[in-house]
Amino acid sequence: MGEQTKIEWTDATFNPWVGCTKISPACDHCYAEGWAKRAGNPELWRGERRRTSAVNWRMPVKLNAFASAQGRRIRVFCASMADVFDNQVPPEWRADLWALIRATPMLDWQLLTKRPQNIAKMLPEDWGRGWPNVWLGTTVENQAEAKRRIPHLLATPAAVRFLSCEPLLGPVFPITIEIANAARALGAPVGECVQLLHWVIAGGESGPGARPMHPDWARSLRDQCAVAGVPFHFKQWGEWAPVCEMSEELIDAIYHPAPERSPEAIRRCKVSSCVLHATGDRFDGAAMFQRPAFEQGSRAMTMFSIGKARAGRLLDGRTHDQFPGSAA
């Protein structure tokens, strides 16, 4: 159990089992699949699922005791290397997980899935309007997945519902429209539709093959949340940073010095770069310097591949670390 997790929006991680299957663009560069391959277990992303040890399963109970002694709640991201609502997982494993969650009321369990269509049929019989210590979330990496997944999430009763727009691979236009559509389908008053969603996380992609995130995509989510009164958490830029968020010192550091014999020469960049439009169109290499890359109205942004640590997590110069209140 990763009690010292580096994931900014949780306190700890717990994996009841390991293994998954790629089902959408967000899965293309899955870090967990990379881990499985490096560990010599590629079969875990080819249909096999492996339950973790009994020792590991006892860790949440210990963490719950610690939280009780400290008098504070602890957030636990469950299945960072799997999916709780994966239909290839034996049902008895999931039943054991629900029993564990029921036995650890001081932990706020964050269940994030790319399969929200499976949630309703996999909930425990006493779910009712939702257990107070379970947060249900779904990944929304682009507009297509927003339209497909958000209605399933909002149709499920839960104490806390959230979206993880990470990796954010394109613009997600008004979430409130998707919420309103779901509210109509549920027969809920559209004027109260924002109450169906309690939190939004956004972030760029990191690791090998990472794709850049245009700042306008993150800004749009931030602004939508501000209008709707929904807490917003900006996790990271990921591998690629937009030039608008880079200091002069950092920009200078990623370029080779100009030759002494020709100090006015164009300096060569040490890292990969591209121009990204708000539409998602991307221009690499020589195409970066051609007219289409900076077409008027395209919101062209120069992006640099500088790594997660240097890219940081400032959006328009500030951090966004909002969380929903615990329902327990």
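Keep in mind the model is a prediction, meaning the values are calculated, not measured.

(A) Looking closely at the pairing of strand 13 (residues 301–305). Among the 5 residues in strand 13, 5 count as buried, and that is most of the element. The alternating pattern of strand 13 places Met301, Met303 and Ser305 on one face and Thr302 and Phe304 on the opposite face, and all of these are buried. Pairing analysis gives 3 bridges linking strand 10 (residues 240–242) to strand 13, with the strands arranged antiparallel. Across the sheet, residue Trp240 finds its bridge partner in strand 13, namely Ser305.

(B) Spatial organisation of the sheet that holds strand 13. Across the sheet, 4 strands lie side by side as 10-13-11-12; this open sheet has antiparallel pairing. Only two strands of the sheet have a single partner each, and these edge strands are strand 10 and strand 12 (282–284). Pairs of neighbouring strands in the sheet enclose a mean axial angle of 30°, with direction left out of account. As paired strands, strand 11 (residues 273–276) and strand 13 are joined by 4 bridges and run antiparallel to one another. Counterpart to Cys274 in the pairing with strand 13 is Met303.

(C) Structural context of the nonpolar core. In terms of nonpolar packing, the biggest core is built from 68 residues, with Leu97, Trp109, Leu111, Leu136, Leu163 and Ile306 touching the most fellow members. Here the element with the most residues in this core is helix 3 (residues 91–102); it accounts for 5 residues. Filtering out sequence-adjacent residues up to four positions away, Leu111 remains in contact with Cys78, Val84, Phe85, Trp98, Ile101, Val134, Trp135, Leu136, Gly137 and Phe162. One finds Ile7, Trp9, Phe162 and Ile201 within the second-largest nonpolar core, a separate group that totals 9 residues.

(D) Representation of the sheet that holds strand 6 (residues 134–139). Sheet architecture is open: 7 strands sit in the order 1-4-5-6-7-8-9, paired in parallel fashion. A single partner strand is all that each edge strand has here, and the edge strands are strand 1 (12–14) and strand 9 (232–236). Between one strand axis and the next, the sheet turns through 25° on average, direction left out of account. Sheet topology note: the strand 6/strand 7 (residues 160–165) ladder contains 5 bridges and is parallel. In the strand pairing of strand 7, Thr138 is matched with Leu163. Running over the sheet, helix 7 (residues 215–228) touches strand 7, strand 8 (199–203) and strand 9 and is turned about 160° from strand 9.

(E) Expanded view of unusual backbone geometry. Looking along the chain, the bond that leaves Glu166 and enters Pro167 is cis, with omega of -5°. Along the chain, Pro167 falls in the loop between strand 7 and helix 6 (175–186). Despite not being glycine, Ala79 shows a phi value in the positive range, around 75°. By relative accessible area, Ala79 is classed as buried at 2%. Phi at Asp316 is positive, roughly 55°, even though this residue is not glycine. As for its position among the elements, Asp316 is in the segment after helix 9 (308–311).

Basis of the calculations
Residues numbered from 1 in each chain as written. Predicted model: local features only at pLDDT ≥ 70, side-chain atom pairs only at ≥ 80, totals over all residues. Heavy atoms only, no water. Buried < 20%, exposed > 50% of the residue type's maximum accessible area, 1.4 Å probe, protein only. Helix = DSSP H or I, 4+ residues; strand = E, 2+ residues; numbered from the N terminus. Pairing = 2+ DSSP bridges. Axes fitted to C-alpha atoms, helices over the stretch in contact; angles between N-to-C directions. Core = buried A, V, L, I, M, F, W, Y, C linked by side-chain atoms within 4.5 Å. Contact = heavy atoms within 4.5 Å.

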